[in-house]
Amino acid sequence: MQILEQTPQRLVIRYNPVHRWLMAAGAIVYIFVAGVSGTAAARAIYALFLLSFALILLLWRGDQVTCAFDKQKGRLTYQRSGLRGTTTTVVPLPTVSHITLQERRYRKRSWREGRVYWVYLELRSSRERLALSSDTFFNLEKAQNAAWLVSDFLGLPPFSFIEAPPLSLFSF
């Protein structure tokens, strides 16, 4: 999470999943460097698999999220941009009711569980909620810092912590 602007009247934060882009770029570079042995058809299938993996990774979890909280104008501008295009949502600040920090567990190995965290802005006007990140690479400390920063700026009560049902490694 990157703070782009922080004044008493305005807070602009951005979540940029650089690690997803680096993983995709690494997969593409690996195609050209690895030199997979075998027939030309096997190499083509392998390259197609890695390219598909990189593209799906970027389409599914590669969006950059920017939130601009403006007290003077009384609005929140929420923008997601990535390979699928840019979507912008503008909502009045009073409709943000609270911040939710959601913990999700997944099994890494049979003896160990992993945890990822999502930070959501809950809206009063609807059942809609806006995620402050586009993927699940928030650890607990980063998620808490983001939730505290936004709730403190908006004058909201401390964030609520909820636990989502466990998922398998491949489901998130």
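The rules we used
Residues numbered from 1 in each chain as written. Predicted model: local features only at pLDDT ≥ 70, side-chain atom pairs only at ≥ 80, totals over all residues. Heavy atoms only, no water. Pairing = 2+ DSSP bridges. Helix = DSSP H or I, 4+ residues; strand = E, 2+ residues; numbered from the N terminus. Polar contact = N/O pair within 3.5 Å; in protein donor to acceptor, adjacent residues only side chain to side chain. Contact = heavy atoms within 4.5 Å. Core = buried A, V, L, I, M, F, W, Y, C linked by side-chain atoms within 4.5 Å. Buried < 20%, exposed > 50% of the residue type's maximum accessible area, 1.4 Å probe, protein only. Expected span 1.5 Å × (residues − 1). Axes fitted to C-alpha atoms, helices over the stretch in contact; angles between N-to-C directions. Salt bridge = Lys/Arg side-chain N within 4 Å of Asp/Glu carboxyl O. pLDDT = per-residue confidence, 0-100.

Description of the pairing of strand S1 (residues 2-6)
1) Next: Bridge analysis of S1 against strand S2 (residues 10-15) gives 4 bridges, and the strand direction is antiparallel. Within S2, the residue paired with Gln 6 across the bridge is Leu 11.
2) Next: The antiparallel pairing of S1 with S2 creates a hairpin that spans 3 residues between the two strands.

Considerations on the side chain of Ser 151
1) Next: Of note, Ser 151 is situated in helix H3 (residues 140-154).
2) Next: At a separation of 2.9 Å, a polar atom in the side chain of Ser 151 contacts the main-chain carbonyl oxygen of Ala 147.
3) Next: From its side chain, Ser 151 meets the backbone oxygen of Trp 148 in a polar contact 3.3 Å long.
4) Next: With residues up to four places along the chain from it excluded, the contact list for Ser 151 reads Ile 99, Leu 156 and Pro 157.

Describing the nonpolar core
1) Next: In this structure, Phe 69, Leu 76 and Leu 121 are the most contacted members of the largest nonpolar core, which totals 32 residues.
2) Next: For this core, the elements supplying multiple residues, two or more each, are S2, strand S3 (64-70), strand S4 (75-82), strand S6 (96-109), strand S7 (112-123), strand S8 (129-131) and H3.
3) Next: Leave out the neighbours within four places in its chain, and Leu 76 touches Cys 67, Ala 68, Phe 69, Thr 89, Val 90, Val 91, Leu 93, Val 96, Leu 121 and Leu 130.

Some words on H3
1) Next: Helix length check: H3 (15 residues) gives 21 Å between terminal C-alpha atoms against 21 Å at 1.5 Å per residue, within 8%.
2) Next: One or two positions beyond H3, positive phi appears at Gly 155, with a value near 70°.

Re the sheet that holds S2
1) Next: A sheet is described by the order of its strands in space; here 5 strands give the open sequence S1-S2-S3-S4-S5, paired in antiparallel fashion. Each having just a single partner strand, S1 and strand S5 (85-92) make up the two edges of the open sheet. Sheet twist, expressed as the mean angle between neighbouring strand axes with direction ignored, is 10°.
2) Next: As paired strands, S4 and S5 are joined by 8 bridges and run antiparallel to one another. If you follow Thr 77 over to S5, its bridge partner there is Val 90.
3) Next: The sheet strands contacting H3 are S1, S2 and S3, and the helix crosses S2 at an angle near 160°.

What about the pattern of salt bridges?
1) Next: Going through the model one piece at a time under the given rule, you end up with 3 salt bridges.
2) Next: Close ionic contact of Asp 70 with Arg 10 constitutes a salt bridge, the shortest N to O distance being 3.5 Å. One end of the pair, Asp 70, is in strand S3; the other, Arg 10, is in strand S2, and 60 residues separate them in sequence.
3) Next: As a salt-bridge pair, Arg 129 and Glu 122 come within 3.4 Å of each other at their nearest N and O atoms.
4) Next: A residue is classified by how much of its surface remains accessible, and Arg 129, at 33% relative accessible area, is partly exposed.
5) Next: Residue classification places Glu 122 among the buried residues on the basis of a relative accessible area of 13%.
6) Next: Here the salt bridges share partners, and the residues they tie into one network are Glu 5, Arg 10 and Asp 70.

Quick notes on the confidence of the model for the protein
1) Next: Here the protein averages 78 in pLDDT, while 74% of its residues score no lower than 70.
2) Next: Predicted confidence in the protein is weakest over helix H1 (residues 18-34), with a mean pLDDT of 65, and strongest over S3, with 91.

What to know about the environment of Ala 146
1) Next: Topologically, Ala 146 is positioned in helix H3.
2) Next: C-alpha separation for the pair Ala 146 and Val 119, spaced 27 residues apart in sequence, amounts to 7.5 Å.

Points about the pairing of S4
The side chains of a regular strand alternate, first on one face of the sheet and then on the other.
1) Next: Across 7 bridges, the pairing between S3 and S4 is antiparallel. Its bridge partner lying in S4, Asp 70 is registered against Arg 75.
2) Next: Between S3 and S4, which pair antiparallel and follow one another directly, the connecting turn spans 4 residues, one of which, Gly 74, has a positive phi of 70°.
3) Next: Turn length for the S4-S5 hairpin, with the two strands adjacent in sequence and antiparallel, is 2 residues.

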